[in-house]
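Secondary and tertiary structure notes
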Amino acid sequence: MYFSYGIPRGLQSIRTDWRASIYSTLIIAASFAMLGIGVLLYLNVVHISRIWLANTTVSLFLDQGISAERRQAVLERVRADPAVIHAIEVSPQEGLSQLAGKLGADHGLMNGVDPANLPYTIDFDLSVDERANIRKIAARYGALEGVGEVVYAERALEKVRLFLLVTQAVGLFFIALIVLSFLFIVSNSTKLSLHTRRDEIEILSAVGATRSVISSSFVIEGMTLSGAGFLIALGIAWVSYQLIVAALIWNPATSALGERTLFFPLKMLLPAFAAAVLLGGAGSHISVSRMLRGIEG
Amino acid sequence: MYFSYGIPRGLQSIRTDWRASIYSTLIIAASFAMLGIGVLLYLNVVHISRIWLANTTVSLFLDQGISAERRQAVLERVRADPAVIHAIEVSPQEGLSQLAGKLGADHGLMNGVDPANLPYTIDFDLSVDERANIRKIAARYGALEGVGEVVYAERALEKVRLFLLVTQAVGLFFIALIVLSFLFIVSNSTKLSLHTRRDEIEILSAVGATRSVISSSFVIEGMTLSGAGFLIALGIAWVSYQLIVAALIWNPATSALGERTLFFPLKMLLPAFAAAVLLGGAGSHISVSRMLRGIEG
Amino acid sequence: MIEFDGVSKSYLGMRPVLENVVLRVKRGDFLYLTGVSGAGKTTVFKLLMLLERPTAGTIKLNGAEVTALDSRQTAFHRRRIGMVFQDYRLLPRLSIEENVALPLRVAGLPRVQVRKRTAECLRWVGLEERRQELVQVLSGGEQQLVAISRAMAFDPPVVLADEPTGNLDQNMAHTVMSLLQRINQRGTTVIVATHDLHLIRSFRARTLLIKDRAIHEVRLVDHPDSPFSPEAERSLGAVPTG
Amino acid sequence: MIEFDGVSKSYLGMRPVLENVVLRVKRGDFLYLTGVSGAGKTTVFKLLMLLERPTAGTIKLNGAEVTALDSRQTAFHRRRIGMVFQDYRLLPRLSIEENVALPLRVAGLPRVQVRKRTAECLRWVGLEERRQELVQVLSGGEQQLVAISRAMAFDPPVVLADEPTGNLDQNMAHTVMSLLQRINQRGTTVIVATHDLHLIRSFRARTLLIKDRAIHEVRLVDHPDSPFSPEAERSLGAVPTG
Ligand SMILES: Nc1ncnc2c1ncn2[C@@H]1O[C@H](COP(=O)(O)OP(=O)(O)OP(=O)(O)O)[C@@H](O)[C@H]1O
Ligand SMILES: Nc1ncnc2c1ncn2[C@@H]1O[C@H](COP(=O)(O)OP(=O)(O)OP(=O)(O)O)[C@@H](O)[C@H]1O
Ligand SMILES: [Mg+2]
Ligand SMILES: [Mg+2]
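Residues numbered from 1 in each chain as written. Chains lettered and ligands numbered in written order. Predicted model: local features only at pLDDT ≥ 70, side-chain atom pairs only at ≥ 80, totals over all residues. Heavy atoms only, no water.

Things to note about the relation of the copies chain C and chain D
- Overlaying chain C on chain D yields an RMSD of 0.0 Å, the required transformation being a rotation through 180° with an accompanying axial translation of 0.0 Å. With respect to symmetry, the two chain copies, as superposed, fit the operation of a two-fold axis. Measuring from the rotation axis to each C-alpha of chain C, the shortest distance belongs to Gly-166 of chain C, at 2.4 Å.
- Of all interface residues in chain C, 96% are interface residues in chain D too; the two copies therefore contact each other through one and the same surface. (Least-squares fit on C-alpha atoms with pLDDT ≥ 70 in both. Contact = heavy atoms within 4.5 Å.)

What to know about the relation of the copies chain B and chain A
- The transform that puts chain B on chain A rotates by 179° and translates by 0.0 Å along the axis, for an RMSD of 0.6 Å.
- A share of 100% of interface residues in chain B that are also interface residues in chain A marks the association as one of identical surfaces.

Structural notes on the environment of Ala-256 of chain A
- In this structure, Ala-256 of chain A sits in helix α9 (residues 255-259).
- Put simply, Ala-256 of chain A and Ser-287 of chain A are 31 residues apart on the chain and 49 Å apart in space, counted from C-alpha to C-alpha. (Helix = DSSP H or I, 4+ residues; strand = E, 2+ residues; numbered from the N terminus.)

What to know about the coordination of the magnesium ion (ligand 3)
Residues and elements named next belong to chain C.
- Ligation of the magnesium ion (ligand 3) by protein atoms is provided by Thr-42 (OG1) and Gln-86 (OE1), these donors lying 1.9 to 2.2 Å from the ion. Linking Thr-42 in helix α1 (residues 41-48) with Gln-86 in the loop between β6 (81-84) and α3 (96-106), this pair joins segments that are 44 residues apart in sequence. Both residues of the pair, Thr-42 and Gln-86, count as buried. (Donors = N, O, S within 2.8 Å, 3.2 Å for Na, K, Ca; no water. Buried < 20%, exposed > 50% of the residue type's maximum accessible area, 1.4 Å probe, protein only.)

A look at the interface of chain C and chain D
- With 28 residues of chain C at the contact, the number on the chain D side is 27 residues.
- Taken together, chain C and chain D are joined by twelve residue pairs in polar contact (both at pLDDT 80 or more).
- At the level of elements, α5 (140-153), α6 (170-185) and α7 (197-202) of chain C are the ones that each hand at least two residues to the side of chain C that touches chain D.
- The class makeup of the residues in the side of chain C that touches chain D is seven nonpolar, 15 polar and six charged. (Polar contact = N/O pair within 3.5 Å; in protein donor to acceptor, adjacent residues only side chain to side chain. Nonpolar A, V, L, I, M, F, W, Y, C, P; charged D, E, K, R; others polar.)

So, the site of ligand 1
- Residues in close proximity to ligand 1 total 17 residues, the closest being Lys-41, Thr-42 and Thr-43 of chain C together with Ser-139 and Gly-141 of chain D.
- Positioned at a junction of chains, ligand 1 has nearby residues supplied by chains C and D.
- Contact between ligand 1 and Gly-38 of chain C: an oxygen atom at 2.8 Å from a main-chain N or O atom of the residue.
- At 3.3 Å, a backbone N or O of Ala-39 of chain C approaches an oxygen atom of ligand 1.
- Every element with two or more residues in the shell around ligand 1 is listed here: α1 of chain C together with α5 (140-153) of chain D.
- By residue class, the composition of the shell around ligand 1 is five nonpolar, nine polar and three charged. (Near = heavy atom within 4 Å.)

Focus on the packing of aromatic side chains
Residue and element names in this part refer to chain A.
- Inspection of the entire model under this criterion finds 16 aromatic pairs over all chains.
- Taken together, the ring pairs connect Phe-32, Phe-182, Phe-230 and Phe-273 into an aromatic cluster.
- In this structure, Arg-71 is placed above the aromatic ring of Tyr-120, and the distance from its NZ or CZ to the ring centre is 3.7 Å. (Phe/Tyr/Trp six-rings, centres within 6.5 Å; stacked < 30°, edge-to-face > 60°. Lys NZ or Arg CZ within 6 Å of the ring centre and 35° of its normal.)

Quick word on the interface of chain B and chain A
- Residue-level contacts link 50 residues of chain B with 50 residues of chain A.
- With both sides pooled, the region where chain B packs onto chain A buries about 4,700 Å², and carbon together with sulfur makes up 84% of that total.
- Applying the counting criterion to the chain B and chain A interface returns two residue pairs in polar contact (both at pLDDT 80 or more).
- When contributions to the side of chain B that touches chain A are tallied by element, the ones reaching two or more residues are α2 (18-52), α4 (92-103), α6 (154-195) and α8 (211-250) of chain B.
- When residues in the side of chain B that touches chain A are grouped by element, the largest group, 17 residues, is from α6 of chain B.
- Considered class by class, the residues forming the side of chain B that touches chain A number 34 nonpolar, eleven polar and five charged. (Buried area = accessible area lost by both parts, 1.4 Å probe.)

Things to note about the site of ligand 2
- Neighbouring ligand 2 are 17 residues, the closest being Ser-139 and Gly-141 of chain C together with Thr-42, Thr-43 and Gln-86 of chain D.
- Gln-86 of chain D has a polar side-chain atom sitting 2.7 Å from an oxygen atom of ligand 2.
- Burial of ligand 2 by the protein amounts to 90% of the accessible area it has alone, namely 640 Å².
- Contributing elements (two or more residues each) for the shell around ligand 2: α5 of chain C together with α1 (41-48) of chain D.
- Class assignment for the residues of the shell around ligand 2 results in five nonpolar, nine polar and three charged. (Areas by Shrake-Rupley, 256 points an atom, 1.4 Å probe, with all protein chains shown as cover.)

Focus: the nonpolar core
- Phe-32 and Ile-185 of chain A together with Phe-32 and Ile-185 of chain B are the most contacted members of the largest nonpolar core, which has 62 residues in total.
- Of all the secondary structure elements, the ones that give two or more residues to this core are α2 (18-53), α6 (154-195), α8 (211-250) and α10 (266-296) of chain A together with α2, α6, α8 and α10 (266-296) of chain B.
- Setting aside anything within four residues of it in sequence, one finds Ile-185 of chain B in contact with Ile-27, Ala-30, Ser-31, Met-34 and Ile-185 of chain A together with Ile-27 and Ser-31 of chain B. (Core = buried A, V, L, I, M, F, W, Y, C linked by side-chain atoms within 4.5 Å.)

Topic: the sheet that holds strand β2 (residues 18-25) of chain D
All names here are of chain D.
- An order of β2-β1-β4-β5 is seen for the four strands of this open sheet, with the pairing classed as antiparallel. Each end of this open sheet is capped by a strand with a single partner; those strands are β2 and β5 (64-65).
- With two bridges joining them, strand β4 (residues 56-61) and β5 adopt antiparallel strand pairing. Within the sheet, the bridge partner assigned to Lys-60 lies in β5 and is Glu-65.
- Across the sheet, α1 is in contact with β1 (2-9), β2 and β4; its angle to β1 comes to roughly 115°. (Pairing = 2+ DSSP bridges. Axes fitted to C-alpha atoms, helices over the stretch in contact; angles between N-to-C directions.)

Remarks on helix α5 (residues 134-142) of chain A
Residue and element names in this part refer to chain A.
- Looking only at α5, the buried set comprises Ile-134, Ile-137, Ala-138 and Tyr-141. The arc that holds the buried residues of α5, viewed along the axis, is 100°, so those residues lie on one side. Exposed residues on α5 whose side chains face more than 90 degrees from its buried face are Lys-136 and Ala-139. (Arc of directions from axis to C-beta.)

Some details on the side chain of Asp-162 of chain D
Residue and element names in this part refer to chain D.
- Take Asp-162: it is sitting in strand β7 (residues 158-162).
- One buried charged residue, Asp-162, forms no salt bridge at all, with the nearest opposite charge on Lys-41 at 6.6 Å.
- A polar contact of 2.7 Å, which involves the side chain of Asp-162, links it to the side chain of Thr-42.
- Other than its neighbours up to four places away in sequence, Asp-162 contacts Thr-42, Phe-45, Met-83, Val-84, Phe-85, Gln-86 and Ala-193. (Lys, Arg positive; Asp, Glu negative; His and termini not counted. Salt bridge = Lys/Arg side-chain N within 4 Å of Asp/Glu carboxyl O.)

Any functional reading would require information beyond the geometric quantities listed.
See the structure below:
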């Protein structure tokens, strides 16, 4: 049925009524583009805020008067940890000047502080995947011999968590709305283009075509147009993405941001393409079937 | 022409082919909804980050050994400034404990600091409108008698400015894309629905209707459907907005955020509605005219 | 073969078109269905094709009740009837050949067979040379020939021709009627709906008249100008010819 | 009034339909245009209506060259010609009344006048009782009557009727032909395209034949069965009647 009638007829239909095909494809492409843009924006906001806003620097304050060997052993232990990135040792002098830097205008306050009172510290960051486990990791290092206090910005972490929560909730709500709008647009444009081909469907039915044969050519047509729309939208999204990343990287202030952006991964695109094609086919099938029930009374 | 033919015929067309009218209206509504959601999200992100992210606390460090009267005079002067909100006086003791709080885990460092070395400060915030003028305002207060140093987080401000810049640039780019997609969807669905009415246009032309008469009923139809689509989308956007705000306010952590959100102001909605109606009319007019040129050869 | 029993049809909210119609057509019959404009000729065909459902009564084809068929059976039922629609019902953007091939293709016939049969049907109406042309650019008569050709494509046991010569010149009309007679001689049941008394005069056959919502048999008389009795002639609203 | 001078027409990429056609029709003429299926009858009408443009030659109506008209003038030109299309070209979702009123409404006539004129045109074809019915549910013949009615609505100086009786019963055909003759007597130029020799036989008038891409005048003879000379009859592909 599909090979003898549906596929050739569906493709022929696209060719012979190429104007309507172009209009439908562009509607679908634009809807996919809107959807893709929404999802991409959301993914990047969550991704980048997860990386950037999370200040997960952990400071291990080593015991006062710790031996140089022990210090070295702790440092090596830290560096060997796969959860850890960017581990560095900070001497009391460096620590003091860093603190002065942090205080900014208030740096005058540090004048009375004696570096001899300060401990050596080891500062490190956690890899993105391990950031959720910061508490456990901190506790683990706190129990280590030679480590006095373990410090990390617990409060800042809470803020980031809240930010992510709000962003995700609001973002997902909006994405749900966009998906709904998208489905509305695609289904109504399918209905609109089929509505005008009621004649054709009636004629096919009158010459003895079964429902599934009639639907087959429309399913092929719907799948092709939807797939084409998806690919066009993907092209638009990709070009937009490249433009934005290029603009971000070009500006030194945002170049690090630009390098952290995401495009849709391939393992997401292939199922999405398949879904788009199926969606087009299913939409056409449903519309045609509904129309046929109407025609047959 | 519009009264004797265009308006009655346009409205009749909507009624008699109500299915196609519903399909078109829903396509337009969904596109407007996507557009509206995008714009609303953008407006709110910019608006809220402008208010919330901008840490514009200004600290006036008063001269060491300033008289109590003079301190009072400066405070009153500050409080009388319309650009200023939340002005408070901070004693050296209070300042020190605030600083310890800021340092968090590093608070042990403050043990060696003597509050007698610290000055009185006056901390205040700037009203949202005046935040851009922070430099000028700081300089003005620096010149005041009794004020030693004026401190504000210049670096943080730069960061926020950058954030806003990136958000606005990326946001506007995406909004441009959404607007383009929107126009594509609306124009192509107009073309699609007119394409199928080529017969009707040919018949009108054959019975002696001028181009403007033919176009008139389609213009009325396009305006009505586009206006209806706009209103439906507005309803969707409003309900979504209310839901999100209610959710934000319901959570104590985000309730302050929820209270700061914006919906489209009325003075923006009225022109937008007019634009939607005009867009629908213009789109139909252009499509019909192009088709007529094709028919007349 | 075709049996209408007490069939009534009224379209939604309209006065009835047919009332309590009884009709018997035997396999291999050739007959005319006539009546004034709006009498219900097309309606009878549509009922038989299941394009409309009767308000009351039963319709049988080969003893099987057609109104009881489900969607799939309806499709197979329609393949047993070739109908020439009064308004042709062609797909304008397809070529002549593709329109004629349509019933064969939707039935899933192999490509070679479709091509062979299509060529044959087109030869009968003299359109095989022009088979690539789009139907939408054809003249009225040419479209009618395509419609006739398509109705024959399946070689169905029943052919219903609704006003098949209304847009044809006399020569072409003669060809088409001869064609219908030829397939009838091979066993196909043929019903021609027409109001063209000259046609009936040239190709005499059993004639049914729809009048006052019922189907009557018309008595044929042996008169060179009119095949009908004066009474039947009057019911048909015919004006005296010649 | 109507002048074709050296008019040729070939549709895109096809062999020519008309070549170097010369035609003169005087105001108040009544004439038949005949020819086999696909001869070009409809094409002649479409050229005159400016629905198609000639490949060569000039067409004049009342001395004004129609091919030189701009878009607006074309609309006014078409209001001077009432055409009954072979395929009716009605708007199926409008009522009978609205279809007939269409040319009047698009011309901007006041509502009262539109209603009055529409009722009058519908009365001529006997459809005034059914004016509210949708065109899409009408029978073939009823639609043809609506198309005829619409062509008269503007009371145009020229009426072109393309196969106007192809789907009508004899009685209705007679009514329509009498109507055309009556408006012709009031000064309207009427051209009827038909291949129905019986029609020409009943309502004799000057007859033009399209043959071999040219228009020929047909000599009328005084014979009860055929109005044409045997030669003309042969060109028309008519089979001997009776
Ligand atoms: N779908 C429908 N809804 C309502 N009325 C209809 C419908 N189809 C046909 N009719 C009406 O039923 C009557 C019979 O129509 P039908 O088409 O059967 O006539 P007919 O004998 O074929 O006439 P003609 O010779 O003009 O084709 C007509 O008056 C027509 O208006
Ligand atoms: N738009 C078109 N494009 C290509 N060919 C066309 C077009 N319109 C008509 N033709 C061809 O021109 C020829 C004349 O067509 P026309 O409709 O004028 O014939 P006609 O005399 O009216 O025939 P009929 O009696 O069958 O209506 C036909 O062979 C037809 O196929
Ligand atoms: Mg009929
Ligand atoms: Mg013709």
